[in-house]
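# Structural overview
Chain by chain, the residues run as shown.
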Amino acid sequence: MTTILVTGGTGTLGRLVTERLRADGHEVRVLSRHSRPYAVDLREGGPGLHAALTGVDTVVHCASTPRGGDEKAAAQLIAAARRAGVRHLVYISIVGVDRVPFGYYKAKLAVERLVADSGLGWTVLRATQFHDLVLQVLEALARVPVLVLPAGVSDQPVEVAEVADRLAELAAGAPAGRVEDMAGPEVRTVESLARAYLKASGKRRRVVNLPLFGAAYRAFRAGGHLAPERAVGKGTFEEFLTARARGAR
């Protein structure tokens, strides 16, 4: 068994990865901005990051934010990991980061390149969007009487627990480079996902599909973020909504 550091280990994905690894008998350290004893802002680095990495064999890098700073955080982590003698860096990325010119995707692709050029043994897994994120977006859009959606866009959401299982498996193995993408079981129009959410939540909203503009929208509409040939996920969006409703009772 190895000592593994999970960055973003209190987040939606990182928490589940931590649970899987500990269940398999690994010693797991959780790094996040507020999780002691390894409360570290990766963008700043410093002695706390060095302490978190001391004696670590593998790092699973789940920490990420669309608010910016991912590249700086990755550079700090990689430099510290090299100094600590880490042998394996596992990074979770997003399907389509090389095809969709969206700001957050560009940052994820830049981090992929930093990981590949790090001099460490590395593994990168790209996954489609989690059911949880789709739900968060739809909940936000449904706060007003008219639910406005991007016309002509589909999605292929995947169950986060399944991605956590795969990341834990990769972390326990040898560095593998970029592995095959992981996508959800169904390519669905955004409208069909929205209507499934409305039905499950009991909300009544008028649904309007609105054409947008720009290169990122065109790439999403063309399916640059989808991987129908890698539909290896099992859980559907409806199953996710049902399980969430049961858990809320």
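That block above? That's the structure.
Presented here is a report on the structure given in the accompanying data block. Values in this document were obtained by computation on a predicted structure and should not be read as measured data. (Residues numbered from 1 in each chain as written. Predicted model: local features only at pLDDT ≥ 70, side-chain atom pairs only at ≥ 80, totals over all residues. Heavy atoms only, no water.)

### Points about the pairing of strand β4 (residues 88–94)
Among the seven residues in β4, seven count as buried, and that is most of the element. Where strand β3 (residues 58–61) lies against β4, four bridges are found, and the strand directions are parallel. Within β4, the position partnered with threonine 58 by the bridge is histidine 88. Between the parallel elements β3 and β4, the chain passes through helix α3 (residues 70–84) in a crossover that is right-handed. Across seven bridges, β4 lies against strand β5 (residues 121–127) in parallel orientation. By the bridge assignment, leucine 89 is partnered in β5 with tryptophan 122. Read from β4 through helix α4 (residues 103–116) to β5, the crossover connection turns out right-handed. (Buried < 20%, exposed > 50% of the residue type's maximum accessible area, 1.4 Å probe, protein only. Helix = DSSP H or I, 4+ residues; strand = E, 2+ residues; numbered from the N terminus. Pairing = 2+ DSSP bridges. Right-handed = clockwise from strand over helix to strand, strands pointing away.)

### Describing the environment of alanine 161
With respect to the helices and strands, alanine 161 occurs in helix α6 (residues 160–172). Taking the C-alpha atoms as reference points, alanine 161 and arginine 230, separated by 69 residues in sequence, lie 17 Å from one another. Ignoring sequence-local partners within four residues, the contact set of alanine 161 consists of Leu16 and Arg20. (Contact = heavy atoms within 4.5 Å.)

### Structural notes on the pattern of salt bridges
In total, this model carries 13 salt bridges according to the counting rule given. The closest approach of N and O atoms between arginine 20 and glutamate 19, which form a salt bridge, is 3.9 Å. Judged by relative accessible area, arginine 20 falls into the partly exposed class, the value being 21%. What makes glutamate 19 partly exposed here is its relative accessible area of 40%. Among the salt bridges present, the one from arginine 20 reaches aspartate 165, with a minimum N-O distance of 2.6 Å. Of this pair, arginine 20 sits in helix α1 (residues 12–23) while aspartate 165 sits in helix α6, and the two are 145 residues apart along the sequence. Members of the salt-bridge network, linked through shared partners, are Arg15, Glu19, Arg20 and Asp165. (Salt bridge = Lys/Arg side-chain N within 4 Å of Asp/Glu carboxyl O.)

### Things to note about the environment of threonine 65
Considering the arrangement of structural elements, one finds threonine 65 in the loop between β3 and α3. You can call threonine 65 buried: its relative accessible area is 16%. Separated by 43 residues in sequence, threonine 65 and lysine 108 have C-alpha atoms that sit 9.8 Å apart. Beyond its immediate stretch of four places on either side in the chain, threonine 65 contacts Asp70 and Tyr104.

### As for unusual backbone geometry
In this model, arginine 36 is joined to proline 37 through a cis peptide bond whose omega is 10°. Here proline 37 lies in the loop between β2 (27–31) and α2 (47–53).

Coordinates in, geometry out; function isn't part of it.
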